[in-house]
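Chains, contacts and geometry: an overview
Here is what each chain is made of, one letter per residue.
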Amino acid sequence: MSGTLPSRLVAGKRCRVRRAARAGCAAAAVTAVLAGCGGQERTATGGATPTASAAPSPAASPTPSPTPTTGALPDAYDFAPDPARVPRTPERARELTRNALLEPADWTPGMVRHDPYESAGTRPLLPASCVWTRTGLPPGMLDSRTRRIDLPAEDGKGRVQGSLTVTVHRDETLADREMKDTVQESFRCPVQQLGGGQRLDGLMSMHLDPDDVKNADATLFEAGTWTGPGSGGPQEYVWSKSRIGTVTTAVSVKGAEGHTVSDLIRFAAEAGAKMLYRVELELR
């Protein structure tokens, strides 16, 4: 056998490299968005105060915001949850997930509820078949709640579909395991079926550099394409997940005609920053 790789292997390698580079560029972009408008300003005492773009509506979170004493952004994320506020029971976990999730108007004006809108008390699971399903909560997971929110079609642009999830674990080890398992899913299943004829392709996941993450203990990012009924062909897909202590937040955005990947990254980053701020309020 000669030392030349078969053409199909070379093509496959090039495809993986292109996907990795594409995901890396998108991850760099989302890092820039998070750093530039991360949804909060750090205070001199280490707390967080909302910016105009990220402040939750008064009705959505009953916890009062602290008096702001704005200082420079820290070199690293330094928020420490109050042990007394960390959920230890399913009841407290359900309170946190409800308060941390966004309503449509909280995300971006003009967004509306998807149908179905909310799933509670279950979690998404990607088995060996690479077909997403929902199952009951496993031991160690206190609650998980998902809301689906869309940006309607308008001015010649298609309908963007978003999904928000907040999950509470019994301890940080389990929450960190969820983050690590998520990255492996894209390698295990680079093509995933969502049901209803929807499909994700070319998925690549990566952890963001901890030095670049200023509003969570850890954040990861995923990019690819999705197709399905009404998609008009392959569209961009972005997804991010973050962790603060025992709590994880996730945002996915399915693109549509007329929306750039930068638009989707901005949607995802803004929603993620707002939910992380609300998680801090719940844990403070």
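See the structure shown above.
Residues numbered from 1 in each chain as written. Predicted model: local features only at pLDDT ≥ 70, side-chain atom pairs only at ≥ 80, totals over all residues. Heavy atoms only, no water.

1. So, the sheet that holds strand β6 (residues 141-151)
Strands sit in the order β3-β6-β7-β12-β11-β10-β9-β8 across an open sheet of 8 strands; the sheet is antiparallel. Strands at the two margins of the open sheet, each flanked by one partner only, are β3 (112-120) and β8 (192-195). Adjacent strand axes in the sheet meet at a mean angle of 20° when their direction is disregarded. With 10 bridges connecting them, β6 and strand β7 (residues 160-169) associate as antiparallel partners. In the strand pairing of β7, L151 is matched with V160. Taken strand by strand, helix α5 (residues 261-283) contacts β6, β7, β10 (218-227), β11 (235-244) and β12 (247-254), and its axis lies near 160° from that of β12. (Pairing = 2+ DSSP bridges. Helix = DSSP H or I, 4+ residues; strand = E, 2+ residues; numbered from the N terminus. Axes fitted to C-alpha atoms, helices over the stretch in contact; angles between N-to-C directions. Contact = heavy atoms within 4.5 Å.)

2. Brief notes about the packing of helix α2 (residues 90-100) against α5
Running from amino to carboxyl end, α2 crosses α5 at an angle of 145°, the nearest separation of the two axes being 9 Å. Our pair here, α2 against α5, has a crossing hand that is right-handed. Residues R92, L96, N99 and A100 of α2 touch α5, and the partners they reach there are M275, R278, V279, E282 and L283. Residues belonging to the contact of α2 with α5 are distributed by class as follows: 5 nonpolar, 1 polar and 3 charged. (Left-handed = near helix turned anticlockwise from the far one by under 90°. Nonpolar A, V, L, I, M, F, W, Y, C, P; charged D, E, K, R; others polar.)

3. As for the environment of T122
Mapped onto the elements, T122 comes out in strand β4 (residues 122-125). Sequence separation of T122 and G136 is 14 residues, and the distance between their C-alpha atoms is 4.7 Å. Setting aside anything within four residues of it in sequence, one finds T122 in contact with R134, T135, L137 and S144. Here R134 takes part through its side chain, which lies 2.9 Å from a polar atom of the side chain of T122. (Polar contact = N/O pair within 3.5 Å; in protein donor to acceptor, adjacent residues only side chain to side chain.)

4. Re the environment of P124
Residue position: P124 is located in strand β4. Residue P124 is classed as partly exposed on the basis of its relative accessible area of 35%. (Buried < 20%, exposed > 50% of the residue type's maximum accessible area, 1.4 Å probe, protein only.)

5. Focus: the packing of aromatic side chains
What the rule picks out here adds up to 1 aromatic pair. Relative to F79, the ring of Y77 has its centre 6.4 Å away and its plane inclined at 45°; by these criteria the two rings are tilted. The same class applies to Y77 as to F79, namely buried. (Phe/Tyr/Trp six-rings, centres within 6.5 Å; stacked < 30°, edge-to-face > 60°.)

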